[in-house]
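Results of the structural survey
One letter stands for each residue in the lines below.
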Amino acid sequence: MPGFATARAYLRQAHVVSTHWDRSFVGTLARMVLSRIRYHRGPREYDTYRFARRPLREWRDYIDPAELLARQTALSPAAFRYLEENKVAFAEHCSRFDLRTVPIIGVIASAASNRSELSGAGVLRSGEELQRLFAPHGAFDGFAKPLGAGQGYGAFAFRVEGPVVTSSHGAESCDAFVQHCANSPYAGDGYLLQPRVRPHPLLMPLMPGPGLGTVRVYTFVDRDGDVAMPLAHLKIPAAGSDTDNVHEGSVQGSLAVPVDMTTGRLGNAVGSTAGQPVVDVVMRHPETNVAFDGFQLPWWAEVRDLVTRGARAFERLPALGWDVAIAEDGPLLMETNWEFGAPDRIYDRGFAVEFRRLFPEVARSG
């Protein structure tokens, strides 16, 4: 009964939000309905954008996701999207332009895959091949990603020790691991296997668990090849999570922290936690109690340089959201996204005006 489930979601979210912000339950519920009717944003977005504490006149400052996607689609030629959408193609393009990224150790292709670009990527089709690949490394800590999925969907860390692979799915044989990856609903054409990247030691107070948090940096390349880099934020993994998803609907506890573009210093985080069930400011890390505001990211000048060169190398996709890992030996490009969400909730303001200005400028580059 979809209608009943939707009504229950509105009632539940209205109760949580009105309690946290000390607002009328009936008034909050009415504003949520209005948010859906006028701005196509449901109860989760109402919470995400903190509309409970924002006058109605300011709601229009938040760009409609459908409008944003339409602009991104118009600027991203279908013929070049594979450079972002296929992680093997992404890694090869980065290598061509001497951009630091994580090497691909091998690819587990699905049985139905016949993609030509996988031919030179070390395709593994059996547990025996997987075990033979990792035998020289002894115990190997890796990370598996679907070739075409984004936002952390289906990605997970693993460890290979002889004939056994251990991950969040439990311990299994190499054969079972290969079959799991090949038949995963996220697999598409398969999974790529990479060495696991750990954060810079200075970042461990912000990433004490298994997950690697990355910096999302937005770039826009104009017709002269100049790169605008207006915004960035750090994604903090939730406790126990292998990924740093902060998209709407992601696991509670994933946080996002605005980054000063000039200095690389953090502001306060934004998100929901076990003790704070709505999206709001989070001043200290829930596990380590380290303050976010003023925290200095290492290698910040190098992050800016790497992303700038990346934006020029991928100029056929002129508006991108980059995910950058900061490891002990410097930054690495993990992936990029031509379809990315606006960072409204992180900066607690709408970006409709800025994005409408940036996208037409990029559009003239064609």
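The rules behind these values
Residues numbered from 1 in each chain as written. Predicted model: local features only at pLDDT ≥ 70, side-chain atom pairs only at ≥ 80, totals over all residues. Heavy atoms only, no water. Pairing = 2+ DSSP bridges. Helix = DSSP H or I, 4+ residues; strand = E, 2+ residues; numbered from the N terminus. Core = buried A, V, L, I, M, F, W, Y, C linked by side-chain atoms within 4.5 Å. Buried < 20%, exposed > 50% of the residue type's maximum accessible area, 1.4 Å probe, protein only. Contact = heavy atoms within 4.5 Å. Polar contact = N/O pair within 3.5 Å; in protein donor to acceptor, adjacent residues only side chain to side chain. Phe/Tyr/Trp six-rings, centres within 6.5 Å; stacked < 30°, edge-to-face > 60°. Lys NZ or Arg CZ within 6 Å of the ring centre and 35° of its normal. Salt bridge = Lys/Arg side-chain N within 4 Å of Asp/Glu carboxyl O.

Turning to the sheet that holds strand E4 (residues 156-161), a few remarks are in order. Read across the sheet, 7 strands follow the order E2-E1-E7-E3-E4-E5-E6 without closing on themselves; strand pairing throughout is mixed. At either end of the open sheet lies a strand with only one pairing partner, and these are strand E2 (123-124) and strand E6 (170-173). Examined bridge by bridge, strand E5 (residues 164-167) and E6 share 4 bridges and lie antiparallel to one another. Bridge pairing in E6 links Val 164 to Ser 173.

Counting residues in each nonpolar core, the largest one holds 38 residues, and the members touching the most others are Leu 234, Leu 297, Phe 314, Trp 322 and Leu 333. When residues of this core are traced back to their parent elements, those giving at least two are helix H6 (87-96), strand E8 (215-221), strand E10 (232-236), strand E11 (255-258), helix H9 (300-313) and strand E14 (319-327). At 6 residues, the largest contribution of residues to this core is made by H9. Each residue touching Trp 322, except ones within four places of it in the same chain, is listed here: Phe 90, Val 215, Arg 216, Val 217, Thr 219, Val 307, Gly 310, Ala 311, Phe 314, Leu 333, Glu 335 and Thr 336. Formed by 17 residues, the second largest nonpolar core is a distinct cluster that contains Val 160, Val 165, Ala 182 and Tyr 191.

Here Gln 276 shows up in strand E13 (residues 276-282). There is a polar contact of 3.4 Å between the side chain of Gln 276 and the backbone oxygen of Asp 280. Each residue touching Gln 276, except ones within four places of it in the same chain, is listed here: His 20, Gly 271, Val 281 and Val 282.

Moving on: the packing of aromatic side chains. By convention here, two paired aromatic rings are described through the distance between centres and the angle between planes. Throughout the structure, instances matching the rule amount to 23 aromatic pairs. Ring geometry for Tyr 49 versus Phe 51: centroids 5.5 Å apart, planes at 45°, classification tilted. Grouping residues by exposure puts Tyr 49 and Phe 51 together as buried. Geometrically, the ring pair formed by Phe 220 and Phe 340 is edge-to-face, given 6.5 Å between the ring centres and 80° between the ring planes. Taken together, the residues Phe 220 in strand E8 and Phe 340 in the loop between strand E15 (330-337) and helix H10 (344-347) connect sequence positions 120 residues apart. Owing to a relative accessible area of 2%, Phe 220 belongs among the buried residues under this scheme. Here the aromatic cluster, defined as three or more aromatic residues joined through ring pairs, consists of Tyr 218, Phe 220, Phe 340, Tyr 347, Phe 351, Phe 355 and Phe 359. Across the ring face of Trp 338, the terminal group of Arg 81 is positioned such that the distance to the ring centre comes to 4.4 Å.

Our focus in this paragraph is the pairing of E4. Note that strand E3 (residues 140-146) and E4 share 5 bridges and pair antiparallel. Residue Ala 144 lies in a different strand from E4, and its bridge partner there is Phe 156. Linking E4 to E5, which pair antiparallel, is a turn of 2 residues; within it Gly 162 sits at a positive phi near 65°.

On inspection of all chains with the given rule, the structure shows 16 salt bridges. Taking the shortest distance from any N to any O, the salt bridge between Arg 54 and Asp 348 comes out at 2.5 Å. One end of the pair, Arg 54, is in the loop between helix H3 (43-48) and helix H4 (65-75); the other, Asp 348, is in the loop between H10 and helix H11 (352-363), and 294 residues separate them in sequence. Under the relative-accessibility criterion, Arg 54 is labelled buried at 9%. With a relative accessible area of 22%, Asp 348 lands in the partly exposed category. Residue Glu 67 is joined to Arg 356 by a salt bridge in which the shortest nitrogen-to-oxygen separation is 2.8 Å. With a gap of 289 residues between them, Glu 67 in helix H4 and Arg 356 in helix H11 connect regions that are remote in the sequence. Residue class for Glu 67 comes out partly exposed when judged on its relative accessible area of 21%. Look at Arg 356 and you get partly exposed, because its relative accessible area is 33%. Salt bridges linked by common partners bring Arg 50, Arg 53, Arg 54, Glu 58, Asp 280 and Asp 348 together as one network.

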